[in-house]
Amino acid sequence: MSDTLIRLAGVEKSFVKGKEKISIFEHLDMTIPRGDFVAIMGPSGSGKTTLLNLLGGIDSPTAGEIQFAGERIDSHSERQLSKWRSDHVGFIFQFYNLMPMLNAAQNVELPLLLKPLSASQRKNNVAAALEVVSLSDRAKHFPREMSGGQQQRVAIARAIVSDPQMLLCDEPTGDLDRTVADEILGVLQLLNRELGKTIVMVTHDPAAARYAKRTLHLDKGKFVEREELAA
Amino acid sequence: MSLASQVSAVVSMNVKSIGQRFWPSVSTALAVALVVVVLLSFLAMANGFQKTMRGAGRDDIAIVLRAGSQAELNSGLTRDQVRLIGEGPGVVRDANGDAVISSELYLIVDGVKRDTGTKANLPLRGIGAAGAGLRDGLKIVEGRMFASGANELLVGRALQREFRGFDVGSTVRFGKTQWTVVGAFETGGTVFESEFWADLPVVQSLFNRGAAVQTVRAKMTSPEAVAQLKAYSDNDPRLKLDVVSENAYFADQASGTTNLIAKLGWPLAIAMAFGAIAGALNTMYSSVASRTREIATLRAIGYGGFPAFVGTLVESLVLAAIGGVIGAAAAFLFFDGLSAATLGASFTQVVFQFALTPALMLNGLILGMVIGLIGGLLPAMRAARIPIVAGLAER
Ligand SMILES: Nc1ncnc2c1ncn2[C@@H]1O[C@H](COP(=O)(O)OP(=O)(O)O)[C@@H](O)[C@H]1O
Ligand SMILES: [Mg+2]
């Protein structure tokens, strides 16, 4: 594998609830090379979503370092993080999180409104992103007029439209049946193989994890070997 | 430039989402509309009443009343006083050298309203020979002038419209007296149109008033001459009188009622506005709550909190503006030109028309927008502060 895209070193994440301190991660280390496709599995409440939020810069660690392409993001201000996310991260959610009042093309265009692009440039990029997910013919359709699989493909188009290096997917097929899930996972695999996107995908579905290059198991805030988990 | 496009994108999303909360949005807009209608109804009433009262007065006609009597009904003048006024400075004289003055007696009679069937006090004015000539724009629109010495009534057009049984040709009874309505008159919508007029000596005798009069109206050579007449009266111990221009008299009579209407209207509208603000707050908080995950998603993508703030505020203002326009339009349709009768001077009925002006409607719209602004501000702040992680976890 080539160079490192993400490095977590000694990351601690804890919450104070009343007088109690709840630790999700006490000391987490992790390295993700550029171009990786890593699945993260683990029981509910093990910290998978929290880990994705930290990687995506929508949450900050209590202690420790998070580096992205050699740059520390854990010390960024909220404003810097906003800008950083719009440049480098695409999010894909379990329930798609599309804007119901916008059609597919308008949903996909949202991240581009943060960029200094002309309307025609935005239109071209939106068309290209919809093309990648094979939804060019649904550009004018609203979320309520589309199936779950189609909505998730719109969400994927939105995540890639401004060409970020990293895609973070939280249970992207959790709400979809097997066949549709396989289509979505196929699209993610294509994005990883053909476009070189680095993908971190949280899933509880072993079949989904098989689309990734490797799988990490998280339990009680630590990465564990599969055998340990089974035991 | 990116902030502008973020804000405009989020604002348009908010506005488009109004339809998704159709009924709460409709009820918020209607609450604002109701407040605006109530406010405008009072303002239109006050304005119309004021117009009616103001229009009646001339500045070169002096009204003479007993000192401190304030209104015609309470006034009373002796025959001597009337003669001395006629000799006063600045009073216009006719070709025969007689002063152009009208002694008048002002009585209250009963009438029955057409719409409600309820009884109301109506003014009957006995006027002197010069009386009709002292009213600007007087037009007999039906029938004829009363004949001197006859039990004949002239009825004001507005009064005739609002009260039943005063058609020209009909016979009416006031107490023990019997009258024939011989004509109807207009004075350009002024307060006089709410009166009956009859020949002064006839009124005096039928109502057993002897030679008593209550007021004198005197035609003056100029507006300034009113002050001369007042000075003349003040210097003569026999004349304990108030001398004011007709103009000032009506303005003073109107101001009490106008103020009352306006002072009732604003507090009532503002009290209702608090209710509408509560409604708007509720609608906008639920708007923000229902869009929490959407807002958090936008934040994750890289949008700032400010567009969420503006979007929510604009949504609230749009609802308020819709309500304000509906309210102003409804007020215009229902109230503008609506004829009404209210207690005017001396507790008699004054018939007037509600008058809604663009300036008054602007008042209503501004109040509506203030409701939208206050009702949207706190929810907008909440929208801007939605934490991303928790917002995304929202179902
Ligand atoms: N803001 C918070 N305050 C307190 N506890 C939290 C907070 N966010 C998450 N947690 C807790 O942290 C643990 C990990 O949550 P999460 O990352 O969502 O797990 P997963 O995605 O693996 O199900 C859970 O026990 C959850 O209750
Ligand atoms: Mg989770």
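Residues numbered from 1 in each chain as written. Chains lettered and ligands numbered in written order. Predicted model: local features only at pLDDT ≥ 70, side-chain atom pairs only at ≥ 80, totals over all residues. Heavy atoms only, no water.

Turning our attention to the overall build of chain B. Counting secondary structure elements, chain B contains eleven helices and twelve strands. The C-alpha extent of chain B, read off along each of the three principal axes, is 95 × 45 × 30 Å. Across the 395 residues in chain B, those meeting the buried criterion constitute 52%. In chain B, of all internal contacts separated by at least 6 residues, the share reaching a separation of at least 24 is 78%. When the accessible area of chain B is evaluated, it comes to approximately 16,700 Å², of which 61% is carbon and sulfur surface. Here chain B contributes 34 positive and 29 negative side-chain charges, whose respective centroids are spaced 10 Å apart. (Helix = DSSP H or I, 4+ residues; strand = E, 2+ residues; numbered from the N terminus. Buried < 20%, exposed > 50% of the residue type's maximum accessible area, 1.4 Å probe, protein only. Contact = heavy atoms within 4.5 Å. Areas by Shrake-Rupley, 256 points an atom, 1.4 Å probe, with all protein chains shown as cover. Lys, Arg positive; Asp, Glu negative; His and termini not counted. Charge placed at Lys NZ, Arg CZ, Asp CG, Glu CD.)

Here the focus is the sheet that holds strand 3 (residues 37-41) of chain A. Residue and element names in this part refer to chain A. Read from one edge of the open sheet, six strands run 6-7-8-3-9-10, paired in mixed fashion. The two strands at the open ends of the sheet, each matched to only one other strand, are strand 6 (89-92) and strand 10 (222-224). Across this sheet, the average inter-strand angle for adjacent strands is 25°, counted without regard to direction. Two elements, strand 3 and strand 8 (residues 198-202), share four bridges in a ladder whose sense is parallel. Note on strand 8: the bridge partner recorded for valine 38 is valine 200. Here helix 5 (residues 148-160) sits on the sheet in contact with strand 6 and strand 7 (166-170), set at roughly 170° to strand 6. (Pairing = 2+ DSSP bridges. Axes fitted to C-alpha atoms, helices over the stretch in contact; angles between N-to-C directions.)

A separate point is the site of ligand 1. Residues and elements named next belong to chain A. All residues adjacent to ligand 1 are Phe15, Ile24, Pro43, Ser44, Gly45, Ser46, Gly47, Lys48, Thr49 and Thr50. One of the backbone nitrogen or oxygen atoms of lysine 48 is found 2.8 Å away from an oxygen atom of ligand 1. Within the side chain of threonine 49, one N or O atom sits 2.7 Å away from an oxygen atom of ligand 1. Here ligand 1 loses 61% of its free accessible area of 570 Å² to cover by the protein chains. With three residues, helix 1 (residues 48-55) is the largest single contributor of residues to the shell around ligand 1. Residues of the shell around ligand 1, tallied by class, amount to three nonpolar, six polar and one charged. (Near = heavy atom within 4 Å. Polar contact = N/O pair within 3.5 Å; in protein donor to acceptor, adjacent residues only side chain to side chain. Nonpolar A, V, L, I, M, F, W, Y, C, P; charged D, E, K, R; others polar.)

Inspection of every chain in the model, using the stated rule, returns 33 salt bridges over all chains. Where A:Asp3 meets A:Arg34, a salt bridge forms, and the shortest distance between an N and an O atom there is 3.1 Å. With A:Asp3 in the segment before strand 1 (4-17) and A:Arg34 in the loop between strand 2 (20-33) and strand 3, this residue pair connects regions lying 31 residues apart in the sequence. Look at A:Asp3 and you get partly exposed, because its relative accessible area is 39%. B:Asp60 is the salt-bridge partner of B:Lys219, the closest N and O atoms lying 3.3 Å from each other. (Salt bridge = Lys/Arg side-chain N within 4 Å of Asp/Glu carboxyl O.)

Moving on, we get to the packing of aromatic side chains. All names here are of chain B. This structure, assessed with the given rule, holds twelve aromatic pairs over all chains. With a centroid separation of 5.6 Å and an interplanar angle of 80°, the aromatic rings of phenylalanine 192 and phenylalanine 250 are classed as edge-to-face. Residue phenylalanine 192 is found in the loop between strand 7 (177-186) and strand 8 (196-199), and its partner phenylalanine 250 is found in helix 7 (residues 246-290); the two are separated by 58 residues along the sequence. For phenylalanine 192, a relative accessible area of 2% corresponds to the buried category. Using a relative accessible area of 4% as the deciding quantity, one classes phenylalanine 250 as buried. Pairing phenylalanine 335 with phenylalanine 354 gives two aromatic rings, centres 5.7 Å apart and planes at 20°, and the pair type is stacked. Linking phenylalanine 335 in helix 9 (residues 305-335) with phenylalanine 354 in the loop between strand 12 (349-353) and helix 10 (358-384), this pair joins segments that are 19 residues apart in sequence. Overall, phenylalanine 335 belongs to the buried group, its relative accessible area being 17%. (Phe/Tyr/Trp six-rings, centres within 6.5 Å; stacked < 30°, edge-to-face > 60°.)

As a further point, take the side chain of B:Glu193. Residue and element names in this part refer to chain B. Relative to the elements of secondary structure, glutamate 193 occurs in the loop between strand 7 and strand 8. One buried charged residue, glutamate 193, remains without a salt bridge, the closest side chain of opposite sign being arginine 161 at 4.4 Å. In this structure the side chain of glutamate 193 is engaged in a polar contact, spanning 2.8 Å, whose partner is the backbone nitrogen of threonine 187.

This paragraph deals with the confidence of the model for chain B. Segments scoring low in pLDDT should not have their predicted coordinates read at a detailed level. All names here are of chain B. Looking at chain B as a whole, its pLDDT mean stands at 88, while 97% of the residues score no less than 70. When mean pLDDT is compared element by element in chain B, helix 8 (residues 292-301) scores highest at 96, while strand 11 (residues 339-343) scores lowest at 64. For this predicted complex, the interface confidence comes out at an ipTM of 0.94, alongside a pTM of 0.77. (pLDDT = per-residue confidence, 0-100.)

The next thing to look at is the interface of chain B and chain A. Taken together, the contact between chain B and chain A spans 23 residues of the former and 24 residues of the latter. Each partner contributes to the roughly 2,100 Å² buried at the junction of chain B and chain A, and carbon and sulfur atoms together form 64% of this total. In this assembly, chain B and chain A are joined by one salt bridge. With a shortest N-O distance of 3.2 Å, A:Glu78 and B:Arg299 are connected by a salt bridge. The interface formed by chain B and chain A contains seven residue pairs in polar contact (both at pLDDT 80 or more). Within the residue set of the side of chain B that touches chain A, elements represented by two or more residues are helix 1 (2-17), helix 8 and helix 11 (388-393) of chain B. Its residues assigned to classes, the side of chain B that touches chain A shows ten nonpolar, seven polar and six charged. (Buried area = accessible area lost by both parts, 1.4 Å probe.)

All names here are of chain A. Among the five residues that make up strand 8, five are buried, leaving the element largely enclosed by the rest of the structure. The two faces of strand 8 match: Thr198, Val200 and Val202 on one face and Ile199 and Met201 on the other face are all buried. Examined bridge by bridge, strand 7 and strand 8 share five bridges and lie parallel to one another. Following the sheet pairing, aspartate 170 is matched in strand 8 by valine 202.

Looking now at the confidence of the model for chain A. Residues and elements named next belong to chain A. Summary statistics for chain A give a mean pLDDT of 93 and a share of 97% for residues scoring 70 or more. When mean pLDDT is taken per element in chain A, strand 8 scores highest with 98 and helix 8 (residues 226-230) scores lowest with 50. Note that residues 227-231 has pLDDT below 50 and, in this model, three contacts with residues that lie over four places away or in other chains.

How big an interface is tends to be reported as the loss of accessible area on association of its parts. Residues and elements named next belong to chain B. Taken domain by domain, chain B consists of domain 1 (3-54 + 254-393) and domain 2 (67-240). Taken together, the contact pairs twelve residues of domain 1 with 19 residues of domain 2. Summed over both sides, the interface between domain 1 and domain 2 buries roughly 1,100 Å², with carbon and sulfur atoms accounting for 57% of that surface. Our count for the domain 1 to domain 2 interface comes out at zero salt bridges. Inspection of the region where domain 1 meets domain 2 yields zero residue pairs in polar contact (both at pLDDT 80 or more). Elements that contribute at least two residues to the side of domain 1 that touches domain 2 include exactly helix 2 (22-56), strand 11 and strand 12. The dominant element in the side of domain 1 that touches domain 2, judged by the number of residues it contributes, is strand 12, at four residues. Counted by class, the side of domain 1 that touches domain 2 contains six nonpolar, six polar and no charged residues. (Domains from an automatic or database assignment.)

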